[in-house]
Amino acid sequence: MSKKGVLVTGGAGYIGSHTLRQLGEAGEQVVTLDNLSTGFREAVLYGELIEGNTGDKALVSQILHDHNIESVLHFAAHTIVPESVSNPLKYYGNNTCATRNLLACCQEAGVKHFIFSSTAAVYGMPEADKAWEDTATAPINPYGTSKLMSEWMLRDLSAVTDLKHVVLRYFNVAGSDPEGRIGQSTAKATLLTKVACEAALGKRESVAIFGTDYPTPDGTGIRDYIHVEDLAAAHLCALDYLRNGGESTTLNCGYGHGYSVREVLDAVERANGKPLNIREEARRAGDPPQLIAGADRIHKVLGWEPQYDNLDTIVRTSLAWERKLQSKSTQ
Ligand code: UD1
């Protein structure tokens, strides 16, 4: 086996499957490890899917060996913030402890590159207009803390071994494969774009705006929505960067500008051609008024150039995927 393998943990999930598809299209030799707790077998469009946990040392070591793995992209994680508050140990177990296990296996097997899915949740409630990579980290929920602890493990391991890593801190990921093959399929969605698209198609009665009294121009929360295709592409850029000898680094993944909840709902109405049933509710606990990426570093370091930086495109692809899910469920 000459070509070096790429292990994608969580390759059956939303962001993992889009990245896996792009890696496959680029001719990479990929293998997915996913326990299918929230992922979908049919989302794995390239390479073998191995069902199992990143916390399973024997299995992970076997995969690293059998597939000649040089690079690991680690997506597998729980990601629901309110659940992390009610069940913190589930998050520390699956996100932090399992990552520690994966890293131990990588160290043993001499894996060279590690790309880690982190989150803007590590910033908590930043005071400045934007969160930059050197903004102090201060997570306000166990989800963010579980990811930040993994960042620290990576930092400390890279300092004393040959492993090089890129930490990617995702802002609000949305949209789906423009060709409609894969998308966000999570049951019991909480993400605004997904919930709004479900409401647009009558899958739920209405969509709520959580808070209309924020200190923002229209009173609703502002987020930096990044299209999943652009985010997936950032992973391929990060892999190239590490293969070319890049130093370990941490990068925000966002566009550097944001939209309010109302602007997102307006875009869903435009895409669907009819008004949404909107309820105005109280603020959701733990939501910062605004979270926007300071996004200069990723352009500079990776040469990443987004292709889908447009709210209407993001919403259109989300809605198209939701329609597809709906037509599948009524078949
Ligand atoms: C998401 C991510 C989180 C990441 C953050 C980065 C998940 C599950 N969450 O959280 O990991 O750290 O982006 O910015 O992947 N809203 C409504 N009505 C709804 C749902 C949401 O008004 O039904 C509002 C929220 O109050 C918020 C905005 O929409 O202002 C976005 O919320 P949501 O889509 O849930 O994402 P985040 O909470 O920002």
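On a predicted model such as this, the values are computed, not experimentally measured, just so you know.

Draft legend 1. Layout of the sheet that holds strand E11 (residues 249-253). Pairing in this open sheet of 7 strands is parallel, and the strands run E3-E2-E1-E4-E5-E6-E11 from one edge to the other. In this open sheet, the two edge strands, each paired with only one partner strand, are strand E3 (48-51) and E11. Averaged over neighbouring strand pairs, the angle between their axes works out to 20° when direction is ignored. In this sheet, E3 lies alongside strand E2 (residues 29-34) in parallel orientation, the contact comprising 4 bridges. In the strand pairing of E3, Thr-32 is matched with Leu-49. Contacts between helix H2 (residues 57-66) and the sheet are confined to strand E1 (5-9), E2, E3 and strand E4 (69-74), with E2 contributing the most and set at about 175° to the helix.

Draft legend 2. Just the site of the ligand, in detail. Around the ligand sit 21 residues, and of these Thr-119, Asn-172, Leu-192, Ala-208 and Asp-287 come closest. The separation between an oxygen atom of the ligand and a polar side-chain atom of Thr-119 is 2.7 Å. Between the ligand and Asp-287 there is a distance of 2.6 Å, counted from an oxygen atom to a side-chain nitrogen or oxygen. Elements with a contribution of two residues or more to the shell around the ligand: helix H6 (192-200) and strand E8 (207-210). Broken down by element, the residue count for the shell around the ligand peaks at 3 residues, all from E8. In terms of residue class, the shell around the ligand is made up of 13 nonpolar, 5 polar and 3 charged. Mapping the shell around the ligand onto the domain boundaries places at least three of its residues in each of domain 1 (5-174 + 225-253) and domain 2 (192-223 + 256-329).

What counts, and at which threshold
- Residues numbered from 1 in each chain as written.
- Predicted model: local features only at pLDDT ≥ 70, side-chain atom pairs only at ≥ 80, totals over all residues.
- Heavy atoms only, no water.
- Pairing = 2+ DSSP bridges.
- Helix = DSSP H or I, 4+ residues; strand = E, 2+ residues; numbered from the N terminus.
- Axes fitted to C-alpha atoms, helices over the stretch in contact; angles between N-to-C directions.
- Contact = heavy atoms within 4.5 Å.
- Near = heavy atom within 4 Å.
- Polar contact = N/O pair within 3.5 Å; in protein donor to acceptor, adjacent residues only side chain to side chain.
- Nonpolar A, V, L, I, M, F, W, Y, C, P; charged D, E, K, R; others polar.
- Domains from an automatic or database assignment.

Keep in mind these values describe shape, not function.
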